[in-house]
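Remarks on the overall topology
Each chain, written out:
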Amino acid sequence: MPAHNADIARIFRNVAEYLEINGANAFRVRAYENAARTVESMARDVADMVAADEDLSGLPGIGEDLAKKIREIVDTGSLPLLEKLRAENPPGLLELLRVEGLGPKRVGILREKLGVESLDDLRKAVDSGAVRDLEGFGEKSEAKIGRALSALEKGRVTHEMSRMRLDEAEGFALPLLDHIRAVEGVVRAEPAGSLRRRKETVGDLDMVAVCDDPEKGPARVMDAFAAYDRVEEVVSKGETRATVRLRNGPSADLRVVPAESFGAALHYLTGSKAHNVRLRGMAEDQGCKVNEYGVFRGEERVAGETEEDLYAFFGMDFIPPELREDTGELEAARKHRLPALVTLADMRGDLHAHTDASDGRAGLEEMAEAARSRGYDYLAITDHSQAVTVAHGLDADRLAALIDAVDRVNDGLSGITLLKGCEVDILEDGSLDLPDSILKRLDLTVCSVHSRFGLPRDAQTERIVRAMDNPHFTILGHPTGRLIGKREPYAVNMERVIAAAAERGVFLELNAHPERLDLDDRHCRAAKEAGVLVAVSTDAHSPGGLDTMRFGLGQARRGWLEAKDVLNTRSLRELKKLLKR
Ligand SMILES: [Zn+2]
Ligand SMILES: [Zn+2]
């Protein structure tokens, strides 16, 4: 089994966790954590770099020693150091980290002082009331651990495993924010956390509110929050901060802060953790402190009312939340070289949509009207090809009829142009599912893999690259086939796919459906670096489906894409030029 970047990262992270629980040197712990993050955020497969005998020690945070360890993992699938740590430590130890609120440090203390080495041990310690007496814990935190433990025991697994899709999280957060904004005295209420960073999955919801009545306002907000009709359980409720669990949904955490701290609080709660840690380090270098209340020099608050002034204090431009992952954005902000990220207003059309000619629900006119009303200049009609029988895919004759129908409808339209397209299956041997004689009549194709996801990596890569050789290939649809929370990406060498697209002048799709978001952010960035334009498309199967564009743009922005990096920000004229191969 080839080791994927995620596998290598997990091994390093586990090493860091074991080391930290056992009180190892903080620099050593940090080194493994940083290595995990570096590997995780890479678009290239590290295994390929090893195979090509490339030097790994130049990667951020990877020195000689870690480079050697990466090679060991790639060659053998495991790391002797981790095996050793596993053997030395009790089997249930890392499971303790799944309890919300328990990091390696606290697990280390629980183990040293109370002999806690498994979830069962922890349950006993909590029930006996021994945890509250530990230094740095107390009664409140014992109760909190008890609740998190119950949640785990009931199978409501916390952390990574309970993360929900961005659109689902938004479905919980937006109405709740409206509820908070309606409270008397509330001036603003904003989402923070990974929802604001537009991550593809979200754990808990974090929210910040400001109230213009510092005396009585916060209490009113807390009461209204706890009384929200979708709250199942009020986990905690203080004067300015409360946590609730929503029915069949996530936990939500709300803080009410004074107006002068709003920017700092929003920044702090937006994260990511890695971004915040780096910024705190930079602040310390300047003899300052950043926390959720502001930027301080000694006792004096010097910034933090807005995020803009917070960044400006450090000589930086405002960093959009989507970029806050410590992957170069802080340095870029300092040099005033942040990308001008693509926005919805930049989008001139959508290049992947279905109609009732295959598995969509609306006709040509209705889809055209839906696109026009969203301010677009064009919409590509890309119904399925014949291989997708469940979607009532089109054979050559039915596609010919659809092409004629699009021409007729276009004659009667103003302000919007339908483009003639097809979502053509890439067959197992890399050929396209319809003959060239019909494909050549189209403005564009979206070529997709819908079958044989289990092919070995080389074969899958070869299949896609061969398809790109077809002169009628335009855009690679949902390039890795992942379905978030349901299906892993198929094994494919994306580095090769991106290079092949660059050589042939074809494009990659970022499928905006919140279940796909495929290309992901790392591959968007790699495509940009290779000069491959990305089509952000909704794959709409109904008029309303066109609205998922915002999710795709969130991922595109996380991938540092600017309007110029996105194919469908082009005018119809420019687009048509680009579509000619
Ligand atoms: Zn598809
Ligand atoms: Zn589709």
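Residues numbered from 1 in each chain as written. Chains lettered and ligands numbered in written order. Predicted model: local features only at pLDDT ≥ 70, side-chain atom pairs only at ≥ 80, totals over all residues. Heavy atoms only, no water.

Some remarks on the overall build of the protein chain
What counts here: Numbering of helices and strands runs from the N terminus, with a helix taken as a DSSP run of H or I at least four residues long and a strand as a DSSP run of E at least two residues long. Taken over C-alpha atoms, the radius of gyration is set against a globule rule of 2.2 Å times the number of residues to the power 0.38. Only protein chains enter the accessibility calculation, which uses a 1.4 Å probe; a residue is then buried when its area is under 20% of its type maximum, exposed when over 50%, and partly exposed in between. Whether two residues are in contact is decided by their heavy atoms: any pair within 4.5 Å suffices. Computed with a 1.4 Å probe, the accessible areas rest on the Shrake-Rupley method; for each residue, only the protein chains presented here act as cover. The charged-residue count follows a simple rule in which Lys and Arg add positive charge and Asp and Glu add negative charge, with His and chain termini not counted at all. For charged residues, the charge sits on one atom: NZ in Lys, CZ in Arg, CG in Asp, CD in Glu.
Within the protein chain, the secondary structure is distributed over 23 helices and 17 strands. Against the 2.2 N^0.38 benchmark of 25 Å for 581 residues, the protein chain shows a C-alpha radius of gyration of 26 Å, consistent with a compact globule. Seen through its C-alpha atoms, the protein chain measures out along the principal axes to roughly 80 × 60 × 50 Å. Across the 581 residues in the protein chain, those meeting the buried criterion constitute 55%. Contacts in the protein chain between residues at least 24 apart in sequence constitute 67% of all its contacts with a sequence separation of at least 6. In the structure as shown, the protein chain presents an accessible area of about 25400 Å², 49% of it carried by carbon and sulfur atoms. Here the protein chain holds 82 positive side-chain charges and 101 negative ones, and the gap between their average locations is 1 Å.

Examining a positive patch on the surface
Under the convention used in this document: Patch membership requires over 30% relative accessible area and the absence of a salt bridge. Like charges are linked within 9 Å, and nonpolar side chains (Val, Leu, Ile, Met, Phe, Trp, Tyr) within 5 Å. The salt bridge criterion pairs a side-chain nitrogen of Lys or Arg with a carboxyl oxygen of Asp or Glu, the two atoms within 4 Å.
Judged by side-chain charge, Arg573, Lys576, Lys577 and Lys580 come together as a positively charged surface patch. By the element assignment, Arg573 lies in helix H23 (residues 572–579). On the accessibility criterion, Arg573 (66% relative accessible area) is exposed.

Structural notes on the sheet that holds strand E17 (residues 534–537)
The condition is simple: One bridge is not enough; two strands pair if DSSP finds at least two bridges between them. To get an axis, a line is fitted to the C-alpha atoms, and for a helix only the part in contact is used. The angle between two axes follows their N-to-C directions and goes from 0 to 180 degrees.
Pairing is parallel across the open sheet formed by 7 strands, whose spatial order is E11-E12-E13-E14-E15-E16-E17. The open sheet terminates on both sides in strands that have one partner only, identified here as strand E11 (349–353) and E17. Note: strand E13 (residues 417–425) against strand E14 (residues 444–448), 5 bridges, orientation parallel. Considered in E14, the bridge of Cys422 is made with Thr445. Where helix H16 (residues 364–373) meets the sheet, its contacts fall on E11, strand E12 (378–381) and E13, and the angle it forms with E12 comes to roughly 145°. With respect to the sheet, helix H17 (residues 396–411) is in contact with E12 and E13, its orientation differing from that of E13 by roughly 165°.

Some points on the coordination of the zinc ion (ligand 1)
To be explicit about the condition: Listed donor atoms are N, O and S within 2.8 Å of the metal (Na, K and Ca: 3.2 Å). As water is not included, a site may look incomplete.
Coordination of the zinc ion (ligand 1) by the protein is provided by Glu423 (OE), His450 (NE2) and His478 (NE2), with metal-donor distances spanning 2.1 to 2.2 Å. Mapped onto the sequence, the residues coordinating the zinc ion (ligand 1) show the spacing E-x26-H-x27-H. Taken as an interatomic distance, the gap from the zinc ion (ligand 1) to the zinc ion (ligand 2) is 3.5 Å; Glu423 donates to each of them. Of this pair, Glu423 sits in strand E13 while His450 is found in the loop between E14 and helix H19 (457–468), placing the two residues 27 residues apart along the sequence.

A few points about the confidence of the model for the protein chain
Note the following rule: The pLDDT score gives, residue by residue, the confidence of the prediction method on a 0 to 100 scale.
When pLDDT is averaged along the protein chain, the result is 94, and 98% of the positions lie at 70 or above. Within the model, the stretch residues 157–161 combines pLDDT values under 50 with 13 contacts to residues more than four positions away or in other chains.

Here we look at the domain arrangement of the protein chain
The cut-off we apply is this: Boundaries of every domain are those given by an automatic assignment or by a domain database. Summed over both partners, the accessible surface that disappears when two parts come together, traced with a 1.4 Å probe, is what is meant by buried area.
Examined at the domain level, the protein chain breaks down into domain 1 (5–159), domain 2 (163–255), domain 3 (262–334) and domain 4 (344–579). Of note, the centres of domain 1 and domain 4, computed from C-alpha atoms alone, are 40 Å apart. Contacts between the two partners involve 7 residues from domain 1, matched on the other side by 7 residues from domain 4. In this assembly, domain 1 packs against domain 4 so that about 550 Å² is buried in total across both faces, 36% of it on carbon and sulfur atoms.

Brief notes about the pairing of strand E4 (residues 205–211)
In terms of burial, E4 is largely enclosed, as 6 of its 7 residues are buried. Here strand E2 (residues 186–191) pairs with E4 via 5 bridges, running antiparallel. By the bridge assignment for E4, Ala189 is matched with Ala209. In this sheet, strand E7 (residues 251–257) lies alongside E4 in parallel orientation, the contact comprising 6 bridges. What sits directly across from Val210, in E7, is Val257.

A closer look at the pattern of salt bridges
Enumeration according to the criterion identifies 55 salt bridges in this entry. The residue Asp213 makes a salt bridge to Arg220 at a minimum N-O spacing of 3.5 Å. For Asp213, a relative accessible area of 22% corresponds to the partly exposed category.

Concerning the pairing of E17
Put simply, the rule reads: Crossover handedness is defined by viewing with both strands directed away from the observer: a clockwise path from the first strand over the helix to the second marks the crossover as right-handed.
Along E17, one buried face is formed by Val534 and Val536 and the opposite face, lined by Ala535 and Ser537, is buried too. Two strands pair when backbone bridges link them, and strand E16 (residues 507–511) and E17 are joined in this way by 4 bridges, in the parallel orientation. Each bridged residue has a counterpart across the sheet, and for Leu510 the counterpart in E17 is Val536. With helix H21 (residues 521–530) bridging E16 and the parallel E17, this β-α-β connection has right-handed handedness.

Things to note about the sheet that holds E4
Across the sheet, 5 strands lie side by side as E2-E4-E7-E6-E5; this open sheet has mixed pairing. Looking along the sheet, the strands with just one partner apiece sit at the ends: E2 and strand E5 (231–237). Averaged over neighbouring strand pairs, the angle between their axes works out to 20° when direction is ignored. Across the sheet, helix H9 (residues 166–181) is in contact with E2, E4, strand E6 (241–246) and E7; its angle to E2 comes to roughly 170°.

Some remarks on the coordination of the zinc ion (ligand 2)
For the record, the criterion: Think of it this way: with four donors and all angles in the 85 to 135 degree range, the site is tetrahedral; with four or six donors, opposite ones beyond 155 degrees and the rest between 65 and 115, it is square planar or octahedral; otherwise it is irregular.
Protein-derived coordination of the zinc ion (ligand 2) comes from His352 (NE2), His354 (NE2), Glu423 (OE) and Asp539 (OD), at a distance range of 2.1 to 2.2 Å. Around the zinc ion (ligand 2), the 4 donor atoms sit at angles spanning 79 to 165°, and that spread fits a shape best called irregular. Sequence positions of the residues that donate to the zinc ion (ligand 2) give the spacing H-x1-H-x68-E-x115-D. The exposure class of His354 is buried, given its relative accessible area of 0%.

Points about the packing of aromatic side chains
Here a ring pair, both rings aromatic, is described through the centre-centre distance and the interplanar angle of the planes. Keep this limit in mind: Only centres within 6.5 Å qualify two rings of Phe, Tyr or Trp (six-membered ring in Trp) as a pair; their planes then separate them into stacked at under 30 degrees, edge-to-face at over 60, and tilted for everything else. The criterion for a charge sitting over a ring is simple: Lys NZ or Arg CZ within 6 Å of the ring centre, and within 35 degrees of the ring normal.
Applying the stated criterion across every chain, the model contains 4 aromatic pairs. Arranged with centres 6.1 Å apart and planes meeting at 85°, the rings of Tyr311 and Phe318 form a pair that is edge-to-face. Under the relative-accessibility criterion, Tyr311 is labelled buried at 0%. On the numbers, 5.9 Å between centres and 15° between planes, the contact of Phe453 with Tyr490 is stacked. With Phe453 in the loop between E14 and H19 and Tyr490 in the loop between strand E15 (475–476) and helix H20 (494–504), this residue pair connects regions lying 37 residues apart in the sequence. Using a relative accessible area of 28% as the deciding quantity, one classes Phe453 as partly exposed. The ring of Phe137 carries Arg106 above its face, with NZ or CZ at 4.3 Å from the centroid. In this structure, Arg487 packs its charged tip against the face of Phe453, placed 4.1 Å from the ring centre.

Here we look at the packing of helix H7 (residues 119–127) against helix H8 (residues 138–153)
Convention followed: By the definition adopted for this analysis, an angle is roughly parallel if under 35 degrees, roughly antiparallel if over 145, roughly perpendicular if from 65 to 115, and oblique otherwise. Here a crossing is called left-handed whenever its near helix is offset anticlockwise from the far helix by less than a right angle, and right-handed whenever the offset is clockwise. All amino acids are sorted into three groups, where Ala, Val, Leu, Ile, Met, Phe, Trp, Tyr, Cys and Pro are nonpolar, Asp, Glu, Lys and Arg are charged, and the leftover types, Gly among them, are polar.
In contact at an axis separation of 10 Å, H7 and H8 are set at 140° when each is read in the N-to-C sense. By the angle class used here, H7 and H8 are oblique. For the element pair H7 and H8, the recorded crossing hand is left-handed. Contacts between H7 and H8 involve Leu119, Leu122, Arg123 and Val126 on the former and, on the latter, Glu142, Ile145, Gly146, Leu149, Ser150, Leu152 and Glu153. Residues of the contact of H7 with H8, tallied by class, amount to 6 nonpolar, 2 polar and 3 charged.

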